[in-house]
Amino acid sequence: MGAGEHFDVVDYGMLAFTMLASVAIGVYHGIKGNKTAVDFSMGSRSMAPFPVSLSLLATFLSANSILGYSGEVYAHGSVLAWSILGTALAIVFAGEVVLPVLHPLKLVSPNQYLEMRFGSVWLRRLSMTKSLVSVMVLLGLALYAPTLALAAVTPLSSTTFIWIMGVVVTIYSSFGGLKAVVWADAFQMLLMTAGVLLVTVMSCVEVGGVQKVWQVAYLGGRTEGLDISTDPRVRHTVWNVILMTLVNWGSHYSVSQANYQRVSSVATLSQAKRVLYYNVVGMTLFMLLVFFMGLGVYAVYADCDPFARGFIFSKDQISVYFVKDKLNNLTGVPGVFVAALLSAALSSLSSGLNTLATLLWGDVFSHTPCFRGCSDFVAATANKVLTVLLGAAMIGLAFLASKLGGLIQAGSTVVGVMAGPILGVYLLGLMVPFCNKRGAFAGLLSSYILCVWIAVGGFLTNTAKPPMLPFSTAGCPANSTVTTFISLADANKTIINTPGSAFSILYSISYTFYPFIGLVTCLIVGILVSIIASYQDPRTVPSELVLFCVRRFTKKESDVDNGVSCIRIESLKNNIYYSKEDE
């Protein structure tokens, strides 16, 4: 069966509807408002919590997430489902610990907090550069990767999808700013849920019901999720999955630019907390649905597996194969699935473009002599032009990824370990009032270097793919062969032994520990360097910049000699403070 053989007019209609609706939302908000840079990047700080929360959810759930997580359950079982608990804990941490400090500051970029707290523009620039590079690399991959799945379901090529998605997302992001991105994300989140729900339901119908799916998945070892091994070399266990998601999502929901823009687009702290807590519910339900979709698709092919027969070459392709194989003759069903993947990709891409435009404006261009004190119209126009230029760069990186897939994936692995170090430097500012700029800079830089070193070393050393759970071809035609079964105990293990290598133990550590290693390294180095290099007197730190539990050690706003620091804080709140290092 060729790709898109049964992709009929209804399916094309779903594809067109998704694209046109997204563009229409952008044009509407472009005409309606966005008179200032704050309108464009922060939604005038007056948006409703629920659509903002849907937007945040859609931002963090890409097409790669849908295909990757379902493929993970299909091939390795349900241990990764513990990520739901880690994510929920991370969101609670962000809402109760970090948000009460950062939200009242009313900044444009969370990187500005680092300059306020440590008095170092170079620290802000280092953090900004990390964010810029990582988001650009991930944007290129996020645009390219889902086009392969889309091309497999439709008659359109990967190249065509790159152009369509890249142009559409650039148009509505540049026209409408954050308001357009938020409302388009909310619309796209509904389509994502519909697509995943449809595939899940149809897989259950194909097998014979939810109970039958669970029974088949249980017999195949896919429901096994209680690996409590303490061996750090084991790929996924209960402990390392929770730890990884706690640090990763703790960073994303606490100090990422995408998150900060959304929680800052609502008026009050209580509304900002609602944005996050809606995400606890939304992320939990959606991820449970995705994981069960993986179980359902596995159950469909439990006795005649397409991976074992060589029909697919990656576990991430299983959901796409199911739609092509079982649902392609049902009118409209492939279109809904395509709309879901498109929506997942567009939401992540639009958020990335808006994030980068705001980041560059707030941390770079607004500080330059030609834009200081510029009119609202000039600032808003500059943000729109930045979005268009970034969209063009994103399309170029997607085409580069199509030519250098392995290299781009390696780059994605490198930037993906940065969550721990960046969360660490913010925690130094929030929790350690005696930490100075030397300590913060040393902690951030050293943890960056260590994480990149481990990631690159692991990528080059651990060339073997992790073993999968058993697949069967027993129910296939007689001329099919049965694959070799892998024991359940080894399904999540990737033990690398490199004789003679001094770093073999370090490189063999599961990738799930990388964020935690970065976090701990940043904290330890930052504290030690601060103590050695004339630690900062906590009484000189404005209390608004640290956690409530340590404010008794810092300078209160009511202190008589706090005038200078208070002026500095108020100036930065209005985005008009410029360090002498910028001159």
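Preceding this section is the structure that the text describes.
Residues numbered from 1 in each chain as written. Predicted model: local features only at pLDDT ≥ 70, side-chain atom pairs only at ≥ 80, totals over all residues. Heavy atoms only, no water.

Regarding the overall build of the protein chain
Helix and strand counts for the protein chain come out as 21 helices and zero strands. Split into buried and exposed, the 583 residues of the protein chain put 58% on the buried side. Sequence-distant contacts, at least 24 apart, represent 84% of the contacts inside the protein chain between residues at least 6 apart. Accessible surface computed for the protein chain: about 22,700 Å², of which carbon and sulfur atoms make up 69%. (Helix = DSSP H or I, 4+ residues; strand = E, 2+ residues; numbered from the N terminus. Buried < 20%, exposed > 50% of the residue type's maximum accessible area, 1.4 Å probe, protein only. Contact = heavy atoms within 4.5 Å. Areas by Shrake-Rupley, 256 points an atom, 1.4 Å probe, with all protein chains shown as cover.)

Some remarks on the pattern of salt bridges
All told, the structure shown has nine salt bridges when counted by the stated rule. Here Lys315 makes a salt bridge to Glu72, at a shortest N to O gap of 3.3 Å. Within this pair, whereas Lys315 is found in the loop between helix H12 (269–300) and helix H13 (318–327), its partner Glu72 is found in helix H4 (residues 63–76), the two being separated by 243 residues in sequence. A salt bridge links Glu115 to Arg124; the shortest N-O distance between them is 2.4 Å. Grouping residues by exposure puts Glu115 and Arg124 together as buried. Several salt bridges share partner residues, and in doing so they unite Glu72, Arg235 and Lys315 into one network. (Salt bridge = Lys/Arg side-chain N within 4 Å of Asp/Glu carboxyl O.)

Structural notes on helix H10 (residues 238–255)
Across its 18 residues, H10 extends 26 Å between first and last C-alpha, which sits within 8% of the 26 Å expected from 1.5 Å per residue. For H10, the buried fraction is high: 14 of the 18 residues fall into the buried class. (Expected span 1.5 Å × (residues − 1).)

Some words on the packing of helix H6 (residues 111–118) against helix H7 (residues 121–153)
Direction vectors running N to C along H6 and H7 enclose 160°, while the axes themselves pass 8 Å from each other. Considered as vectors, H6 and H7 are oriented roughly antiparallel to each other. The handedness of the crossing between H6 and H7 is right-handed. Seen from H6, the contacting residues are Asn111, Gln112, Leu114, Glu115 and Phe118; seen from H7, they are Val121, Leu123, Arg124, Ser127 and Met128. Across the contact of H6 with H7, the residue classes break down as five nonpolar, three polar and two charged. (Axes fitted to C-alpha atoms, helices over the stretch in contact; angles between N-to-C directions. Parallel < 35°, antiparallel > 145°, perpendicular 65-115°, else oblique. Left-handed = near helix turned anticlockwise from the far one by under 90°. Nonpolar A, V, L, I, M, F, W, Y, C, P; charged D, E, K, R; others polar.)

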